[in-house]
Amino acid sequence: MLDSDKECCTILVDLLVAKGVKRVVLSPGSRNAPLIISFARRKELEKFVVLDERSAAFMAMGMAQQTGDPVAVICTSGTALLNYAPAVAEAYYQHIPLIVISADRPEEWIDQEDSQTIRQKNLFAPIVKASYSLPSDILCNDERWWVNRQINEAVNVAMQSKPGPVHINVPLREPLYRLRKICTERSERIISSVSINTCLDKKNIEDLAGIISRSKKVMILASFGKPDSTLSSLLNQLSSFPQVIVLTETISNLHIDDSIPTIDRVLSVISDEEKSRFSPDLLITFGGSLVSRMIKQFLRKHTPLEHWSLDENIHIADTMQCITRHIRMNPVDFFSQIVNHIYPSESDYHRIWIDRKAEAEFRHEQYLSVSEWSDLKAFSLIFSTIPQGSVLQLSNSTPIRYAQLFEYNQVERSDCNRGVSGIDGATSTAVGAACVRKELTVFITGDMGFLYDSNALWNRYIPPTLKIIVMKNGGGGIFRFIQGPSELPELEEYFETVQEVDVEGFARLHGFDCYTVVSESELKKILPVFFHISDKPAILSVETPRTVNDRILRGYFKR
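Residues numbered from 1 in each chain as written. Predicted model: local features only at pLDDT ≥ 70, side-chain atom pairs only at ≥ 80, totals over all residues. Heavy atoms only, no water.

1. Some points on the pairing of strand β4 (residues 71-75)
Where a strand is regular, its side chains alternate between the two sheet faces. Short version of the rule: Relative accessibility decides the category of a residue: with a 1.4 Å probe and only protein chains considered, values under 20% of the type maximum give buried, values over 50% give exposed, and everything between is partly exposed. Numbering of helices and strands runs from the N terminus; a helix is a DSSP stretch of H or I covering at least four residues, while a strand is a stretch of E covering at least two. Pairing between two strands requires that DSSP report at least two bridges joining them.
Among the five residues in β4, five count as buried, and that is most of the element. In β4, alternate side chains face the same way, and those of V71, V73 and C75 on one face and A72 and I74 on the other are all buried. Bridge count between strand β2 (residues 23-26) and β4: four bridges; the pairing is parallel. Bridge assignment links V24 to a residue of β4, and that residue is A72.

2. Remarks on the packing of aromatic side chains
The following threshold applies: For Phe, Tyr and Trp, where Trp contributes only its six-membered ring, two rings pair if their centres lie within 6.5 Å, and the inter-plane angle classes them as stacked under 30 degrees, edge-to-face over 60, or tilted in between.
Counted by the stated rule, this structure contains 15 aromatic pairs. The interplanar angle of 80 degrees and the centroid separation of 5.8 Å between the aromatic rings of Y367 and Y556 together place this pair among those described as edge-to-face. On the criterion of sequence distance, the pair formed by Y367 in helix α13 (residues 349-370) and Y556 in helix α22 (residues 546-557) is long-range, its members being 189 residues apart. In this pair, the class of Y367 matches that of Y556, namely buried.

3. Considerations on the packing of helix α3 (residues 53-67) against helix α5 (residues 85-94)
Helices that pack against each other are described as a pair by the angle of their axes relative to one another and the distance between those axes. Keep this limit in mind: Only C-alpha atoms enter the line fits that serve as axes; for helices the fit covers just the stretch in contact. Angles between N-to-C directions range over 0 to 180 degrees. In what follows, roughly perpendicular refers to angles from 65 to 115 degrees, roughly parallel to angles under 35, roughly antiparallel to angles over 145, and oblique to any angle outside these ranges. Left-handed is the label given to a crossing in which the near helix is rotated counterclockwise from the far helix by less than a right angle, and right-handed is the label when the rotation is clockwise. Residue contacts are counted whenever heavy atoms from the two residues lie within 4.5 Å of one another. When residues are grouped by polarity, Ala, Val, Leu, Ile, Met, Phe, Trp, Tyr, Cys and Pro land in nonpolar, Asp, Glu, Lys and Arg in charged, and all others, Gly among them, in polar.
With their axes 8 Å apart at the nearest point, α3 and α5 run at an angle of 20 degrees to one another. Classified by the angle their axes make, α3 and α5 are roughly parallel. Along this stretch, α3 crosses α5, giving a crossing that reads as right-handed. Taken together, the residues of α5 that come into contact with α3 (itself represented by A57, F58, M61 and Q65) are P86, A87, E90, A91 and Q94. Looking at the contact of α3 with α5 residue by residue, the classes come out as six nonpolar, two polar and one charged.

4. Topic: unusual backbone geometry
Here the amide bond leading from E174 into P175 is cis, since omega sits at 0 degrees, within 30 degrees of zero. Residue position: P175 is located in the loop between β7 (166-171) and β8 (179-181). Within the chain, S397 stands out as a residue other than glycine whose phi angle is a positive 70 degrees. Relative to the helices and strands, S397 is located in the loop between β14 (391-394) and α15 (398-403). Positive phi, normally seen in glycine, also occurs at S421, with a value near 65 degrees. Considering the arrangement of structural elements, one finds S421 in the loop between β15 (413-416) and α16 (426-435). A relative accessible area of 28% means that S421 is categorised as partly exposed.

Structural data, given as structure tokens:
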């Protein structure tokens, strides 16, 4: 078998395959030619070639997000690597295992005014779990041992505890295109990593379960996470206690009986005078950053007596500014050890939240029944029509916020890039997700987000199961709703950046089926047709009035 003559590249690909990496996203280049050769010649790997590095990295992240498996992403030297930064940051805060591999010049050529050369070592240090740099040449067995050890460690670190991205920098010396014959039966040493299970001692179990049992008002608040049937079962047990209420965000992917899955909707029908009654004595949180500003403001103003954060990270994330215990455990390990030691207290806390949920649902339906054509009306029709078992991807800004107002339990999984909450790679993430799912993948985005990441449509791997819905409302509509920019004379030019996005033109250019609707009746008629899987992916442009949407949404929260 002929392969690159760069031994570090063959060791790298051998180890990644042996340690379970199944997919790799590569971007063309010259300096990374030895890496491309070594990865391209391995039949065990599914390869995706994506020209735009920013899109490539988000696409790889979408694959890893859905499967939980590490995905490698490979680029050439210089600014190519910088284009990975948004996706690497998102993967870091969303806890997604990316193996970032960059080709580089040999160290002696750094800062010598050679082309496509920047300081790549430790470039992503603040936003990766670990950084590694391989030697330019392997000249002895000790260097071979060192390379093997570094790559083993990199994959282990990416997957252990809370997963996340790692960066492997590979300096490569010219010539870059030489091949050598290698033994097909070669094998690399595998170093496995065994996770440590965190066990609470008897005293801790009694103390923590006792506090929950004695508390009259316990709120469990879940932000983003992947589907977990064990965690859902544990939270269902906890939700049965009269003193416990469970609040879940749309992208928590948890389905709990008698819980609050529409947090903003319910909070909007609680008056200021009543809020102290609904505030918890004990708050337990887990997951990443919260979408809902309303719940953050509510808990910062109505501070619980205790706040326990279940988080395996070393640093303390004190979002509500009232944390009293940082419990370095994942929620399944924590709740499974204490749930059978909790007993009910005399409390109406669960009941008052569930009663208010019913009131909020009634007002929600009542308001929608008389609302005119707008984003809110369109979303109400879209979410209820998404086919059973679909996978949902949501862009940041308005789509994820509107999603918080609706229940759609027929969806298999919901995701949004809420690690750092950018719009820059949402479409690419959805494309990556669709590439590894057999089910229908529905992606909802705004017209600005769609335009921003339009290069995501520029690859040959997009399956016909991807359906993109573009809310075409003429600009950054969220700024009309946010207090501050909505009151400034600079709103339209500097915040909304009002412009016409040619959604149909993009669809034709990239071979998508395209549909456009401008009214409620048209949307109702087209949705079943749009969601039907044909031989091509499809884009639906939903045109709503830019200057009406904010008034409708404000009215919703004032209802």
